[in-house]
Amino acid sequence: RAMLGNCPVVEEDVYEVFARYVEGTVPHIPWCETPLQPESFLVQPQLARLNRYGLLTVNSQPPVDGVPSNHPAFGWGGKGGRVYQKAYVECFVSPDKANRLTRMVTNHPTCNLYGVNYSGQELRVGVEEGGVTALTWGVFPNREILQPTIFDPDTFLVWAEEAFSLWSSMWLNLYDYESD
């Protein structure tokens, strides 16, 4: 609890905890048990800004376009390959900010938005029903294309239920009900 600071009084206090996690001054939050991964250092300032704006990020990856598979931050899969990944962010947002994101993504057809609220209602822009999307893939000599990271709306719904439950099971329990 001490690492998260005093009891949040306004929304911006919560935003700041998430931003400080991304910046490395908070070692973990209930949704992220390890520090930010090196691949996200490339977008660390942007993630901190998103958090301070109220898009509370819990998972992200920057775009990668054909870097060698032995790259120190992005490489995987063996020798002689090339790896790729789509930019991706998972975050908590207020209903108002979800509406703003919807309008923004609608105006950018190369972007997708998939969301779910606490009640399980889905929000989709550019995501077809049942559409699984490759987020990370690699091309290697004498092998099929590998896709180790995908986005699957059905899996996301399971994760979202757990993620929402952490607000009450962990976050709220850090502070006394009548604290400042």
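The next point concerns the packing of aromatic side chains. Given two aromatic rings, their pairing is described by the distance between the two centres and the angle made by the two planes. One pass over the full model with this rule turns up 11 aromatic pairs. When the ring of Tyr118 is compared with that of Phe164, the centres are 5.7 Å apart and the planes differ by 85°; the resulting orientation is edge-to-face. Linking Tyr118 in the loop between strand 5 (113-116) and strand 6 (122-125) with Phe164 in helix 4 (residues 153-171), this pair joins segments that are 46 residues apart in sequence. Assessed through its relative accessible area of 65%, Tyr118 is described here as exposed. A relative accessible area of 18% means that Phe164 is categorised as buried. Clustering of aromatic rings is evident, with ring pairs tying together Phe18, Trp31, Phe92, Tyr118 and Phe164. Positioned over the ring face of Tyr53 is Lys97, at 4.9 Å from the centre of the ring.

As a further point, take the pattern of salt bridges. On inspection of all chains with the given rule, the structure shows 4 salt bridges. Glu23 serves as the salt-bridge partner of Arg52, at 2.8 Å between the closest nitrogen and oxygen. Note that Arg52 is positioned in helix 2 (residues 44-53) and Glu23 in helix 1 (residues 11-23), a separation of 29 residues in sequence. Taking the relative accessible area as the measure of exposure, Arg52 reaches 36% and is therefore partly exposed. Judged by relative accessible area, Glu23 falls into the partly exposed class, the value being 37%.

Here we come to the side chain of Gln85. By the secondary structure assignment, Gln85 is in strand 3 (residues 82-85). There is a polar contact of 2.7 Å between the side chain of Gln85 and the backbone oxygen of Pro62. Contact partners of Gln85, with chain neighbours within four places excluded, come to Glu39, Gln61, Pro62, Pro63, Val64, Phe74, Leu135, Thr136 and Trp137.

About the cut-offs
Residues numbered from 1 in each chain as written. Predicted model: local features only at pLDDT ≥ 70, side-chain atom pairs only at ≥ 80, totals over all residues. Heavy atoms only, no water. Phe/Tyr/Trp six-rings, centres within 6.5 Å; stacked < 30°, edge-to-face > 60°. Helix = DSSP H or I, 4+ residues; strand = E, 2+ residues; numbered from the N terminus. Buried < 20%, exposed > 50% of the residue type's maximum accessible area, 1.4 Å probe, protein only. Lys NZ or Arg CZ within 6 Å of the ring centre and 35° of its normal. Salt bridge = Lys/Arg side-chain N within 4 Å of Asp/Glu carboxyl O. Polar contact = N/O pair within 3.5 Å; in protein donor to acceptor, adjacent residues only side chain to side chain. Contact = heavy atoms within 4.5 Å.

These figures come from the coordinates and say nothing about function on their own.
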